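Structure at a glance
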Amino acid sequence: MTSAIGLIPILPVAAAAVAGFLAIIRKAEKAAPLFTLAATLAAGVLALMNMPGAGIAPHVAAPWVNLIPTDAALAAPPGPTHGMPPGLSVVVGVTLDPLSWIMVLVVCSVSALVQIYSIGYMAAEKGYARYYCYLALFTASMLGLVTADNLFQLYVGWELVGVCSYLLIGFWWFKPSAANAAKKAFVVTRFGDVGFMLGVLLLVSVAQSFKFTDVFAAYQAVADGSLAVHGLFSAQTFLWLAPLLLLCGAIGKSAQFPLHVWLPDAMEGPTPVSALIHAATMVAAGVYMVARLILLFTLQAGGGAGAALDVVMILGAVTALIAATIALVQVDIKKVMAYSTISQLGYMMVGLGVGGATGQVAGMFHLVTHACFKALLFLTAGSVIHALHHAKDPNDMRSMGGLMRRMPHTAITCGIGVLALAGFPLLSGFWSKDAILAVALQRAGLFGHAAGAGPHAHVALACGVAGLIAAFLTAVYSARMWLMTFWGKPRSDEAAHAHESPAVMTLPLWALAIPSVAAGFLLAHGERFATFVLGGEPGPSHENMALSIVASAIALAGLGLGALLYARCPAVDPVTRLPRPVYALFSNLWYVDAFWSAGVARGSLAFGRAVAWFDRSVIDASMHGIAWLVEQAALGMRRSVSGQTQTYAAVLVAGTVAVVLLMTLYEQVVGSPGPAAAAAGWMVRR
Amino acid sequence: MTAWMLTFIVLAPLTASIVLLMLPAARGLAIRLVALAGGAATLPPSIWLALNYDRKAGGFQFEQTVSWVPSLGITYHVAVDGLSIVMLLLTALIITGGVFASWTQKNRTKEFLSLLLLLVSGVFGVFVSRDLFFLFLFYEIAVLPMYLLIGVWGTTTKLRTKEDSAMKLTLMLMGGSALILVAILALYFSMDQRTFDMGLLAQHSFSPEMQRWVFLLVYLGFGVLAGIFPFHTWSPDGHASAPTAVSMLHAGVLMKLGAYGVLRVGVALLPQGAHDWSFLMGVIATINILYGACSAMGQTDLKYVIAYSSVSHMGVVMLGLASLNPIGVNGSVMQMFSHGIMTGLFFALVGLIYERAHSRDITRMGGFARKMPGVAVLMSIGGMASFGLPATSGFIAEFLCFYGMWLRYPILALLSVIGIVITAVYVLRVVQKIFLGAPNEEGYPDLRDARTTEWVATVALAALLIVVGVFPRPLVRLVDLGLRQTPGVTYARGAGAVLPGGP
């Protein structure tokens with residue numbers, strides 16, 4: 001049965017092909033979800049049937065490209081080929097180790113629920129089959145990404161999910177805003193991918209292999225000094241540069257500061273897409289990648305503290321904090337959630353920044369619980385938007401209100417999601433957020449103690465505190481969002497006449513609400529998650545009662561403040577009464593967007609025009625200049641060919657006299673016949 | 001029988017070209033069918049060669065030798081290795097697609113197709129020749145018809161008349177040819193044995209001094225055709241003026257002759273010279289990549305965008321070549337193939353759009369996807385191959401080029417990788433401006449999707465981009481077999497040297 005896991009990414013591709021075919025012939029489009037859903041579920045079942053055990057990771061692989069110095073090397077055992085001239089051997093396949101297995105299940109389950117939900121949500125849309133084709137392609141790419149056991153396949157999946165994201169954000173391509181958002185998302189993430197690509201090149205040129213295990217071994221060897229690195233970089237530079245280059249990719253994909261600007265715009269896509277791609281799975285790919293390669297980030301730390309981990313952690317904390325403040329002042333329900341996602345991804349990075357297995361487990365744990373409750377939140381937002389789709393701006397929370405009574409299923413499930421997000425005690429977000437704060441603060445020496453390699457203590461302390469502040473802000477904006485949407489009286493006609501969505505949409509909400517409540521406890525209990533991820537070794541517990549109480553208090557305080565401010569549905573949004581510069585900073589998105597769009601985007605287009613002008617007016621003109629010179633020379637030369645025999649004869653005589661004179665002169669001065677005389681002699685002999 | 005296979009490939013388009021001249025101009029369908037036969041006849045033998053190439057033996061196969069002028073050492077000697085076979089496949093595909101793309105061509109169709117086929121038989125000739133004399137002869141046959149094809153059948157743009165563009169292109173390429181001729185004669189006269197045979201020349205080791213200067217001539221001479229900076233300026237004007245099929249052939253195949261020439265005549269015969277100049281080649285290639293991509297970003301005429309993107313992509317080809325290791329050079333040949341298919345597709349689609357919109361100004365387009373969804377999808381596939389998306393042929397090609405260069409001059413690889421962002425910017429910009437956004441229909445009454453013959457070539461090319469992208473292994477293997485026996489392309493590097501940075 002193990003060999004069947006190779007089908008995990010292939011089945012959705014096949015389903016995508018079918019859906020694409022239906023989209024092209026424009027017949028039986030409604031049948032598309034049958035195929036894609038069946039494929040997604042089958043992939044999930046295949047994974048369930050092949051659960052990795054202690055030390056056993058189901059694995060199938062096939063060679064993709066081989067460029068090896070000699071044929072003899074083909075017979076050599078796979079692995080790094082130190083001392084051999086560099087070749088290139090790419091093997092693609094499906095590996096289900098604990099980390100991959102968890103991701104496969106997350107991807108398949110969220111994808112399946114989103115596909116079911118979309119049957120209702122997209123029912124009235126044109127391009128129904130096209131939509132499912134893209135969804136299936138995305139699922140396949142994401143499965144390919146998470147089941148990779150080598151950098152090459154990881155990169156391939158990485159790029160493919162990016163392009164699926166492009167296609168889905170731009171699903172309503174005729175809307176200029178959607179087309180712009182799609183382009184922006186792709187280009188901004190591509191920005192980070194340059195670093196990722198260079199990181200891959202750097203690591204592969206050292207390890208001579210794409211396989212994670214070989215890369216780790218080579219990296220370790222360089223750190224030990226047993227593998228020499230020479231050329232452009234020193235071994236020291238290599239050790240910190242390689243993980244940071246890879247991190248660039250994660251900054252783009254996981255929407256970390258300062259490349260987070262594409263994610264809020266990506267909300268132009270259909271809302272179920274936002275739930276799947278821009279909340280649960282693709283944006284988590286960066287976190288997954290760092291978790292997967294955490295050894296590279298940690299090893300460099302040696303026994304002491306590591307710069308790479310510091311960067312990961314600071315980046316995560318800054319992102320978490322900035323995005324939370326922006327989420328606080330947004331009025332578009334999807335934008336609130338988008339910034340919330342960015343903020344939570346920042347949290348995951350803080351967790352990863354602790355390094356080692358500890359950080360890996362903390363980051364991945366939050367990834368899983370976040371996938372549940374954030375997908376839930378987006379789908380409830382979709383349900384609201386679906387109900388209000390006649391409104392001028394169905395996303396605007398200022399024209400919502402009072403939907404609790406009209407849409408009870410949506411309101412309750414959204415409430416569950418909000419509480420989970422805010423870290424309400426014992427819900428899933430509470431456990432995972434707690435785990436991150438615990439490992440970060442323990443690294444700083446608070447609430448316990450952490451051993452081994454990791455970031456600097458003061459960095460961990462600052463980032464842990466930032467995490468606590470962000471947790472408070474999260475609770476406030478969560479409460480604000482739910483109350484503005486569902487509480488009080490309807491603030492528009494559309495809201496007053498809204499209807500609950502059909503069962504095909506509400507059932508997935510409940511299906512996600514259950515893990516949003518319970519997943520945290522079930523996985524945290526007895527360190528079950530950590531034990532599974534680490535392959536059987538029970539990790540040391542990081543639970544700390546005192547911290548849990550502090551974190552709960554902060555979450556409850558935030559929720560309470562939100563309730564206090566918004567429960568009576570004030571006419572003027574209280575956040576607008578923040579001190580003016582502060583509100584301006586938050587509502588202008590900390591001016592990061594302005595920097596990118598006004599500075600970088602316009603600048604680069606202007607640069608393009610300048611280069612185009614330069615090419616035409618300087619380079620091309622100089623080519624024409626050469627042509628002109630030749631032409632002028634020819635015009636000048638033309639005068640010498642006058643056809644007058646007398647002139648020709650005069651020139652001939654003068655030339656002969658001059659040559660003879662020169663030859664004589666040369667002989668007089670040097671004392672032997674010169675080269676001209678020799679040449680003349682040679683010609684005469686001929 | 002097999003010995004005649006290569007000669008058949010060269011002669012089939014030539015024969016069709018001559019037959020066409022004898023047909024009456026009124027027989028439109030017959031003319032097109034003969035042209036199609038002449039072009040498509042090269043496809044089965046090319047595939048046959050790819051399948052029957054002896055992978056164990058490697059090296060040059062399917063050899064045919066006919067003594068031509070023994071006293072001067074001129075021999076008609078044709079043979080192919082894996083690398084040449086890939087180029088033959090590319091040429092056969094593009095000429096077949098090109099004939100389809102000119103199906104609706106109305107002005108002097110007979111002469112147009114005849115010249116097109118003459119040109120392509122020259123291209124085939126270059127790819128199979130093992131004798132420098134014939135290689136140069138075929139090279140000139142491939143380049144010269146372009147003058148008439150653009151000058152007569154081209155379109156005048158705002159910036160240049162078609163005659164100007166044709167003359168500029170021809171003069172610049174002829175300038176390159178002059179350098180090549182000098183280089184060939186220099187090689188010829190520095191051997192004791194008077195021969196143009198590339199196999200024999202490769203066995204001779206020329207003095208380092210000689211290699212250095214002759215290689216430079218070869219690089220510059222062929223490089224003009226490959227569009228190296230700053231001698232690329234014939235390309236935008238030429239492509240913008242040329243009719244669809246000519247652009248397809250020119251950007252798709254002809255520009256590759258330049259890179260192919262540098263590899264076969266330069267690197268293989270003068271390995272030391274190539275080694276001396278590899279840094280310069282790498283620097284110029286990097287400039288090509290970034291400069292071409294930035295220029296493409298600043299264009300508003302669709303054909304100029306594609307033309308500058310060719311300049312940028314040929315930069316990737318030359319980057320891989322400059323690495324002088326099998327990984328990079330393999331990537332270079334894969335990029336030649338990939339870019340050939342991709343740019344052929346682009347120009348075919350641009351032709352379709354221009355025919356219907358009567359404009360190439362992308363700032364005045366928008367929302368075309370409504371009326372031409374098929375074209376939009378195909379253009380997007382081409383675009384994705386263009387910025388090297390995995391699962392298209394562009395990815396494996398670019399990756400190998402970058403990796404190869406990384407192993408030789410990491411700093412240049414580092415700079416050129418930035419090209420993948422700029423490429424994404426201009427490709428997505430073009431796709432958005434033409435196809436996405438609010439439909440801009442009032443000005444474009446004739447807009448409609450492609451039809452029958454127009455589908456054939458474009459769908460086939462787009463499909464090929466994906467098939468090769470998903471299963472690159474057979475082609476990579478074929479190219480690799482050719483490279484293994486190419487002097488100057490070596491895996492050689494000191495043991496234990498793991499991080500790049502010189503020998």
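If you're wondering where the values come from, they're calculated on a predicted model, not measured in any experiment.

1. Considering the overall build of chain B
If you tally the helices and strands in chain B, you get 21 helices and 2 strands. The dimensions of chain B, computed from C-alpha atoms along their principal axes, are 70 × 55 × 40 Å.

2. Focus on the overall build of chain A
Each helix and strand counted, chain A has 28 helices and 2 strands in total. In terms of principal-axis extent, the alpha carbons of chain A reach across some 115 × 60 × 55 Å. A buried classification covers 56% of the 686 residues belonging to chain A. Considering only residue pairs separated by 6 or more positions, chain A has 80% of its internal contacts joining residues 24 or more positions apart.

3. Side note on the environment of glycine 39 of chain B
All names here are of chain B. Following the sequence through the fold, glycine 39 ends up in helix H2 (residues 28-40). Spatially, the C-alpha atoms of glycine 39 and leucine 113 are 10.0 Å apart, while their sequence positions differ by 74 residues. Beyond its immediate chain neighbours, meaning those up to four positions away, glycine 39 contacts Pro13, Ile95, Thr96, Val99, Leu117 and Val120.

4. Overview of the packing of helix H6 (residues 151-169) of chain A against helix H7 (residues 176-207) of chain A
All names here are of chain A. Where H6 contacts H7, the two axes come as close as 9 Å, and the packing angle between them is 175 degrees. Here H6 lies roughly antiparallel to H7, going by the angle between them. On the side of H6, the interface is formed by Leu151, Tyr155, Gly162, Ser165, Tyr166 and Ile169, while H7 contributes Ala178, Ala181, Ala182, Ala185, Phe186, Thr189, Phe196, Val200, Leu203 and Val204. Considering only residue class, the contact of H6 with H7 consists of 13 nonpolar, 3 polar and no charged.

5. Here we look at the confidence of the model for chain B
Residues and elements named next belong to chain B. Within chain B, residue pLDDT values average 89, and 97% of them lie at 70 or more. In the model of chain B, helix H21 (residues 473-484) stands out as the element of lowest mean pLDDT, 86, in contrast to helix H6 (residues 132-143), which has the highest, 94. Low confidence marks residues 492-503, where pLDDT is under 50. Its contacts with residues over four positions away, or in another chain, come to 33 contacts. Reported confidence for the predicted complex is 0.91 by ipTM and 0.91 by pTM.

6. A closer look at unusual backbone geometry
Backbone phi values are negative for most residues with the exception of glycine, while trans is the configuration of most peptide bonds. Omega for the peptide link from phenylalanine 257 of chain A to proline 258 of chain A comes to 0 degrees, which places this bond in the cis form. Summarising the element assignment, proline 258 of chain A is placed in the loop between helix H9 (235-253) and helix H10 (262-265). The linkage connecting phenylalanine 229 of chain B with the following residue, proline 230 of chain B, adopts the cis geometry, with an omega of -5 degrees. Within the element layout of this structure, proline 230 of chain B appears in the loop between helix H10 (208-226) and helix H11 (234-241). We note that arginine 26 of chain A has phi near 55 degrees; this positive angle belongs to a residue other than glycine. Among the residues examined, arginine 26 of chain A registers 13 C-beta atoms within 10 Å and is labelled partly exposed. With a phi close to 50 degrees, arginine 108 of chain B is a non-glycine residue in the positive phi region. Among the secondary structure elements, arginine 108 of chain B is positioned in the loop between helix H4 (82-101) and helix H5 (109-128). Look at arginine 108 of chain B and you get partly exposed, because 13 C-beta atoms sit within 10 Å.

7. A look at the interface of chain B and chain A
Contacts between chain B and chain A engage 53 residues on the former and 47 residues on the latter. By residue class, the composition of the side of chain B that touches chain A is 39 nonpolar, 10 polar and 4 charged.

8. Concerning the pairing of strand E2 (residues 74-80) of chain B
The two faces of the sheet receive side chains in turn, since in a regular strand these alternate between them. Residue and element names in this part refer to chain B. Of all 7 residues in E2, 6 are buried, a share of seventy percent or more. Sheet topology note: the strand E1 (residues 61-69)/E2 ladder contains 6 bridges and is antiparallel. In the strand pairing of E2, threonine 65 is matched with histidine 77. In this structure, the hairpin formed by E1 and E2 is closed by a connection of 4 residues, where glycine 73 is found at a positive phi of approximately 75 degrees.

9. Remarks on the nonpolar core
By size, the foremost hydrophobic cluster in this structure holds 449 residues, and its most contacted members are Ala19, Val290, Val312 and Ala375 of chain A together with Val86, Leu249 and Met318 of chain B. Take this core: its biggest share by element is 19 residues, from H7 of chain A. Here alanine 375 of chain A is in contact with Val110, Ala275, Leu276, Ala279, Ala280 and Leu512 of chain A, once residues within four sequence places are set aside.

10. Details of the environment of serine 380 of chain B
Note on placement: serine 380 of chain B falls in helix H16 (residues 373-386). Serine 380 of chain B sits 153 residues away from glycine 227 of chain B along the chain, and the two C-alpha atoms are 25 Å apart.

11. A look at the environment of alanine 435 of chain A
Residue and element names in this part refer to chain A. Summarising the element assignment, alanine 435 is placed in helix H19 (residues 428-443). Judged by local crowding, alanine 435 falls into the buried class, with 26 C-beta atoms found within 10 Å. It is 42 Å that separates the C-alpha atoms of alanine 435 and glutamate 494, two residues lying 59 residues apart in sequence.

12. What to know about the confidence of the model for chain A
Detailed reading of the predicted coordinates is not advisable wherever pLDDT is low. In the predicted model, chain A carries a mean pLDDT of 87, and the fraction of residues at 70 or more is 93%. Every residue in residues 71-84 of chain A is under pLDDT 50, and counting partners more than four places away or in other chains gives 22 contacts.

13. Comments concerning the packing of helix H14 (residues 302-323) of chain B against helix H15 (residues 326-357) of chain B
Residue and element names in this part refer to chain B. Axis separation between H14 and H15 bottoms out at 7 Å; the angle between their running directions is 170 degrees. For the element pair H14 / H15, the angle class is roughly antiparallel. Mapping the contact onto sequence places Leu302, Lys303, Ile306, Ser310, His313, Val316, Val317, Gly320, Leu321 and Ser323 in H14 and Gly328, Val329, Gly331, Ser332, Gln335, Met336, His339, Thr343, Phe346, Phe347 and Val350 in H15. Of the residues assigned to the contact of H14 with H15, the class counts are 10 nonpolar, 10 polar and 1 charged.

14. Comments concerning helix H18 (residues 408-422) of chain A
Residue and element names in this part refer to chain A. For H18, which comprises 15 residues, the first-to-last C-alpha distance of 21 Å matches the rise-based estimate of 21 Å (1.5 Å per residue) to within 8%. Taking burial as the measure, the 15 residues of H18 include 11 buried ones, the bulk of the element. Among the residues making up H18, those that are buried are Thr410, Ala411, Thr413, Cys414, Ile416, Gly417, Val418, Leu419, Ala420, Leu421 and Ala422. Positive backbone phi, at 80 degrees, marks glycine 423, one or two positions downstream of H18.

About the cut-offs
Residues numbered from 1 in each chain as written. Chains lettered and ligands numbered in written order. Predicted model: local features only at pLDDT ≥ 70, side-chain atom pairs only at ≥ 80, totals over all residues. Helix = DSSP H or I, 4+ residues; strand = E, 2+ residues; numbered from the N terminus. Buried ≥ 20, exposed ≤ 12 C-beta atoms within 10 Å, placed from the backbone. Contact = placed C-beta atoms within 7 Å. Axes fitted to C-alpha atoms, helices over the stretch in contact; angles between N-to-C directions. Parallel < 35°, antiparallel > 145°, perpendicular 65-115°, else oblique. Nonpolar A, V, L, I, M, F, W, Y, C, P; charged D, E, K, R; others polar. pLDDT = per-residue confidence, 0-100. Pairing = 2+ DSSP bridges. Core = buried A, V, L, I, M, F, W, Y, C linked by C-beta atoms within 7 Å. Expected span 1.5 Å × (residues − 1).

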